[in-house]
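# Topology and contacts: notes
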2 protein chains.
Amino acid sequence: MRMTEETRLPQPDLATVEIGTVLQALADPVRLQIVRLLDTVGEAPCGALELPVGRSTVSHHLRTLRESGLVETHLRGNTRVSRIRGEELERRFPGLLPSVLGARPAAQGTAAADGGEGER
Amino acid sequence: MRMTEETRLPQPDLATVEIGTVLQALADPVRLQIVRLLDTVGEAPCGALELPVGRSTVSHHLRTLRESGLVETHLRGNTRVSRIRGEELERRFPGLLPSVLGARPAAQGTAAADGGEGER
DNA sequence: CGACATCTACGATACACATCGAACCTCTAT
DNA sequence: ATAGAGGTTCGATGTGTATCGTAGATGTCG
């Protein structure tokens, strides 16, 4: 029957991953949303992620996330189940993911022009 | 005499800044290095930052950092002194900057191909 | 076996942006 | 006032990459 056979897709050792790589991976809006989704649902097949982009694009982003060490993907039968490498990430970059995922949405205008008194 | 007169350049209210904007600002290698430098030296005039890019490019990056809420810049006489908005950032995104600045450099190869046992 | 579903790989396209050099601006000092 | 130092702005250029559609690979079910 061999249906619950799990194979993990190739992924980097987190010790070899720079913080800049992780930040770059998290910088894309779609990828950030993927990480948020995976964080809430725990794990999900690629197709179950509801995103405003095409399937091939999601696949590409998941590859980026995997290659940057953020996500691991298991082949479970016909589908690929992805999940955040939570514990490993916490060891490598303590507090990073919690702070990102815990960030509350901004209030009002995305970018205010001023905050002081010295405008021209 | 008017030489120690300080004027702050326009900057956004951190409450209106999205986490994605901050991550995008930190994603660039040069900007990340600027943030690291400012974190170590406390504050610095734009020209004192030793970076592998031209002056105008540094200026551009500092603008990006300022508009994303990461850095504040004061006009002190003839020079512009920049500094990280540490306390405000810690209130808005607790733990984010410490985790980024505290990250240790990667060991060896920047990106390993595999990390598990299930390669083909 | 053959049809279907899931996902990835491949080109191709378009847009964002990092970078530079030169011109310009604003203070300071002479 | 004139010159100079410190930074910014502008226009142009090149590269990286997010996106899409289609084709191909792998596994499941009838």
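Figured I'd write up the structure that's included with this text.

Thresholds applied
- Residues numbered from 1 in each chain as written.
- Chains lettered and ligands numbered in written order.
- Predicted model: local features only at pLDDT ≥ 70, side-chain atom pairs only at ≥ 80, totals over all residues.
- Heavy atoms only, no water.
- Near = heavy atom within 4 Å.
- Polar contact = N/O pair within 3.5 Å; in protein donor to acceptor, adjacent residues only side chain to side chain.
- Helix = DSSP H or I, 4+ residues; strand = E, 2+ residues; numbered from the N terminus.
- Core = buried A, V, L, I, M, F, W, Y, C linked by side-chain atoms within 4.5 Å.
- Buried < 20%, exposed > 50% of the residue type's maximum accessible area, 1.4 Å probe, protein only.
- Contact = heavy atoms within 4.5 Å.
- Nonpolar A, V, L, I, M, F, W, Y, C, P; charged D, E, K, R; others polar.

Bringing the protein's contact with DNA strand D into the picture now. Around DNA strand D sit 21 residues, and of these G54, T57 and H61 of chain A together with S59 and R80 of chain B come closest. When atoms of DNA strand D within 4 Å of the protein are sorted by moiety, sugar and phosphate together comprise 77%. Interatomic distance of 2.6 Å between a backbone N/O atom of G54 of chain A and a phosphate oxygen of DNA strand D. One nitrogen or oxygen atom from the side chain of R80 of chain B is found 3.5 Å from a sugar or linking oxygen belonging to DNA strand D. Secondary structure elements with two or more residues in the surface near DNA strand D: α2 (29-41) and α3 (55-67) of chain A together with α3 (55-67) and β4 (79-84) of chain B.

So, about the nonpolar core. L70 of chain A together with L70 of chain B are the most contacted members of the largest nonpolar core, which totals 54 residues. For this core, the elements supplying multiple residues, two or more each, are α1 (19-27), α2, α3 and α5 (96-101) of chain A together with α1 (19-27), α2 (29-41), α3 and α5 (96-101) of chain B. Look past the residues within four positions of L70 of chain A in its chain and what remains in contact with it is V22, A25, L26, L65, R83, I84, R85, L89 and L97 of chain A.

This paragraph deals with the protein's contact with DNA strand C. DNA strand C sits among 23 residues. The nearest are S59 and R80 of chain A together with G54, T57 and H61 of chain B. Here the atoms of DNA strand C within 4 Å of the protein split so that 76% fall in sugar or phosphate, with bases taking the remainder. C46 of chain A is positioned such that a nitrogen or oxygen atom in its backbone is 3.5 Å from a phosphate oxygen of DNA strand C. A distance of 3.2 Å separates a phosphate oxygen of DNA strand C from a polar side-chain atom of R31 of chain B. Among the secondary structure elements, those contributing two or more residues to the surface near DNA strand C are α3 and β4 (79-84) of chain A together with α2 and α3 of chain B. Counting residues per element, the surface near DNA strand C draws most heavily on α3 of chain B, at four residues. When the residues that make up the surface near DNA strand C are grouped by side-chain class, the tally is five nonpolar, 13 polar and five charged.

Any functional reading would require information beyond the geometric quantities listed.
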